There are 2 protein chains.
Amino acid sequence: MKVYGVVMAGGSGTRFWPLSRQHRPKQLLNLTGKDAMINEAVTRLKPVCKDGIFIVSSKSQRECLLEVLDKEFPKDHILLEPAARNTAACIGYAAIEIVKRCGDGVLAVIPSDSYIKNTEAFLSALTLAVKTAEEKDAIVTVGIKPTFPATGYGYIRYEDVPSPVKPVRQFVEKPDLARAEEYLKSGEFVWNSGMFIWKASLILQKLEKYLPELYQELLRIGEAVGTEREEDVISSVYPEMPSISVDYGVLEKTDGIYVVPADLGWSDVGSLDMLGAVRRADENDNVTVGETYPVDTHHTIIYTGGKPVCTVGVDDLIIVDTPDVLLVCSKERAQDVKKIVEELRAKGKEELL
Amino acid sequence: MKVYGVVMAGGSGTRFWPLSRQHRPKQLLNLTGKDAMINEAVTRLKPVCKDGIFIVSSKSQRECLLEVLDKEFPKDHILLEPAARNTAACIGYAAIEIVKRCGDGVLAVIPSDSYIKNTEAFLSALTLAVKTAEEKDAIVTVGIKPTFPATGYGYIRYEDVPSPVKPVRQFVEKPDLARAEEYLKSGEFVWNSGMFIWKASLILQKLEKYLPELYQELLRIGEAVGTEREEDVISSVYPEMPSISVDYGVLEKTDGIYVVPADLGWSDVGSLDMLGAVRRADENDNVTVGETYPVDTHHTIIYTGGKPVCTVGVDDLIIVDTPDVLLVCSKERAQDVKKIVEELRAKGKEELL
């Protein structure tokens with residue numbers, strides 16, 4: 001059976017501001033110093049998704065996406081959403097496009113903005129997940145073996161059968177610290193990575209069952225695929241689709257899901273403090289990008305887009321200097337960068353967002 | 001008798017970097033938001049020093065000085081040192097120039113880079129000091145009534161006679177905290193402001209007695225004043241002069257000095273954390289200059305030369321953003337900004353100094 005990659009790249013979070021902006025979301029940034037996250041995601045899928053890789057992004061990011069994306073990436077494999085409608089719509093859109101254009105196949109659907117350090121482990125897990133998805137006609141996810149009691153991730157509880165592929169017992173929301181510690185200790189939980197591997201036909205079948213309204217809209221798109229009407233239909237249909245996550249809309253309601261627990265050196269790079277997860281720290285646990293002069297500085301992240309940044313006697317800070325705005329944030333308050341974004345929006349400083 | 005002001009403006013400290021630079025020292029900065037310190041110093045002297053004000057600065061700062069200085073300031077009242085030779089040489093140079101050009105008079109010699117909030121109190125103290133210097137032919141200083149046990153200033157101990165003009169008993173070096181607390185408690189000490197009021201003839205007489213070598217060089221300058229040779233003579237003589245402070249070279253060795261204790265709202269603005277002394281703080285004790293967005297930020301100084309600075313969850317920081325370099329410094333480490341300057345110099349980054 002054919003195997004396709006689907007990279008979900010429509011997100012536009014504010015937690016990575018001011019590195020990310022409205023039209024340059026996190027997945028278009030080069031956080032590792034090697035390549036933009038989106039290109040790394042595509043490259044990572046290639047050995048397994050031999051029949052093609054699709055990107056689902058948003059119309060508003062088109063220009064910036066084309067600028068960042070590897071020039072060899074086929075333009076007709078870029079699917080642009082005219083409006084953000086969460087992951088159920090995104091995955092359904094990719095599934096209907098691929099089914100209509102290429103016929104059925106296994107889709108490895110992955111977020112574009114996660115970091116994976118251990119590529120070999122990822123490819124092993126993905127290969128196993130694809131095999132399982134095809135043979136069992138099941139939904140398969142790659143789960144991240146937890147390394148600390150994270151409270152910022154969803155968890156998946158599995159049945160610990162003697163096989164590298166485990167039946168999923170339950171999807172669990174972000175826990176509090178006490179619960180997260182229990183989960184870590186039990187050895188029966190993995191982090192939900194947001195990577196799902198299933199046949200396009202199964203995706204559509206599940207959407208028909210659990211999100212029939214959304215499915216009807218997808219059928220309208222399906223009829224237009226490859227015709228001159230396609231863009232118009234998508235533009236008119238998409239904003240009408242229900243906005244719901246595939247986790248909440250489908251996965252939590254259905255049985256027969258499998259998970260492949262894996263040790264990927266994974267991070268969702270969900271906020272600026274996690275730059276520490278994708279870059280090597282110096283002997284004082286500072287992670288610096290650009291020209292920096294840290295004196296008596298510890299556990300600090302410094303990212304400068306151009307000019308030198310000097311620090312004296314500071315600890316646990318995040319400093320991000322960009323050409324048009326500077327952010328200085330306590331590391332433990334990285335999640336609250338969105339407060340600044342809200343304040344700037346309220347004050348009409350759209351040009352900085 | 002005539003009364004002249006002498007503003008000493010040759011300093012080039014590094015503790016105010018990156019606001020101050022090699023060719024733009026602190027006294028040329030507008031720290032208060034009203035005017036450059038040098039212009040404020042000149043304006044402050046005017047009501048008392050009715051016969052003219054002179055500025056002693058350095059040749060290397062000439063261009064920047066002329067740019068900043070009030071356009072009405074007479075160019076021939078700018079005395080430029082070809083080399084920095086500390087305050088004894090600086091004051092001697094001003095004295096010989098004034099004596100030769102205008103005859104004897106009382107000179108009010110003041111640093112250009114101190115901040116004085118209470119102008120009225122300053123003018124009262126200065127008037128009294130000038131009167132005393134003339135009548136007693138004495139060295140008179142204005143002393144700052146201490147408001148906290150400062151360890152960063154020199155002190156002057158005086159005899160607490162029932163008069164606003166007190167005989168000086170002793171000049172005291174910067175004390176440790178225990179001693180500073182004693183001084184504050186005793187009520188017999190004031191901070192040494194570096195302001196000295198004495199006749200030009202007395203200055204030269206004291207230099208002849210205590211620093212005869214320096215005095216001989218001054219005589220050579222004196223012979224050239226007003227001639228075509230003047231600049232050449234100064235260029236050749238100045239670098240040969242002993243480099244010594246007037247405090248150490250003269251004041252600590254002589255008797256008959258008087259001090260006028262005064263409550264001036266004074267600060268030497270000796271390091272970046274003292275920006276808090278010259279600017280009004282907001283309700284969270286933040287002092288901000290430029291476009292800033294402080295969220296959950298306290299006791300922090302933010303100075304931006306252009307772009308917006310956003311902060312989240314930080315306390316007790318100094319953030320100075322200039323077009324070519326950014327400094328983020330713990331407030332209590334403000335004195336160590338010079339470490340950065342040294343490091344940049346060692347790394348050949350002269351353009352940033």
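Bear in mind that the values here come from a model prediction, so they are computed numbers and not experimental data.

A. Representation of the sheet that holds strand E17 (residues 326–330) of chain A. The sheet built from six strands is open, its strands ordered E12(A)-E14(A)-E16(A)-E17(A)-E15(B)-E13(B) with mixed pairing. What marks the edges here is a single partner per strand, and that holds for strand E12 (287–289) of chain A together with strand E13 (292–295) of chain B. When strand polarity is set aside, the average angle formed by the axes of neighbouring strands in this sheet is 5 degrees. Relative to strand E15 (residues 309–312) of chain B, E17 of chain A runs parallel, the two being bridged by four bridges. Considered in E15 of chain B, the bridge of Leu326 of chain A is made with Val309 of chain B. In the packing of helix H11 (residues 337–346) of chain A onto the sheet, the strands contacted are E17 of chain A together with E13 and E15 of chain B, and the crossing angle to E13 of chain B comes to about 135 degrees.

B. Region of the structure containing the relation of the copies chain B and chain A. Rotating chain B by 180 degrees and moving it 0.0 Å along the rotation axis overlays it on chain A with an RMSD of 0.0 Å. The transformation relating the two chain copies, once decomposed into turn and shift, fits a two-fold axis. When each C-alpha of chain B is compared by its distance to the rotation axis, Val328 of chain B comes out closest, at 4.3 Å. Same-surface contact between copies: 100% of interface residues of chain B are shared with the interface of chain A.

C. Broad picture of H11 of chain A. Among all positions of H11 of chain A, only Val337, Ile340, Val341 and Leu344 of chain A are buried. Along the axis of H11 of chain A, the buried residues cluster in a sector spanning 100 degrees; they form a single face. Its buried side turned inward, H11 of chain A meets E17 of chain A together with E13 and E15 of chain B. Positive backbone phi, at 75 degrees, marks Gly348 of chain A, one or two positions downstream of H11 of chain A.

D. Seen up close, the interface of chain B and chain A. On the side of chain A, 28 residues touch chain B, which itself brings 28 residues to the contact. Looking at the side of chain B that touches chain A, the elements that each hand over two or more residues are E13, E15, strand E16 (317–321), strand E17 (326–330) and helix H11 (337–346) of chain B.

E. Expanded view of the nonpolar core. Judged by nonpolar contacts, the single largest core of 228 residues is most densely connected at Leu107 and Ala108 of chain A together with Leu107 and Ala108 of chain B. Sequence-distant contacts of Ala108 of chain B, defined by excluding residues within four places in its chain, comprise Val3, Gly5, Val6, Leu45, Val48, Cys49, Leu126, Val130 and Ile197 of chain B.

F. Region of the structure containing the environment of Lys131 of chain B. Here Lys131 of chain B is to be found in helix H4 (residues 119–136). Taking C-alpha positions, Lys131 of chain B is 20 Å from Ile91 of chain B, a pair spaced 40 residues apart along the chain.

G. Just the domain arrangement of chain A, in detail. Residue and element names in this part refer to chain A. Taken as a whole, chain A is organised into domain 1 (3–267) and domain 2 (273–352). Between the C-alpha centres of domain 1 and domain 2 the distance comes to 29 Å. For the side of domain 1 that touches domain 2, the residue count by class is five nonpolar, four polar and one charged.

Reading the values: rules and limits
- Residues numbered from 1 in each chain as written.
- Chains lettered and ligands numbered in written order.
- Predicted model: local features only at pLDDT ≥ 70, side-chain atom pairs only at ≥ 80, totals over all residues.
- Pairing = 2+ DSSP bridges.
- Helix = DSSP H or I, 4+ residues; strand = E, 2+ residues; numbered from the N terminus.
- Axes fitted to C-alpha atoms, helices over the stretch in contact; angles between N-to-C directions.
- Contact = placed C-beta atoms within 7 Å.
- Least-squares fit on C-alpha atoms with pLDDT ≥ 70 in both.
- Buried ≥ 20, exposed ≤ 12 C-beta atoms within 10 Å, placed from the backbone.
- Arc of directions from axis to C-beta.
- Core = buried A, V, L, I, M, F, W, Y, C linked by C-beta atoms within 7 Å.
- Domains from an automatic or database assignment.
- Nonpolar A, V, L, I, M, F, W, Y, C, P; charged D, E, K, R; others polar.

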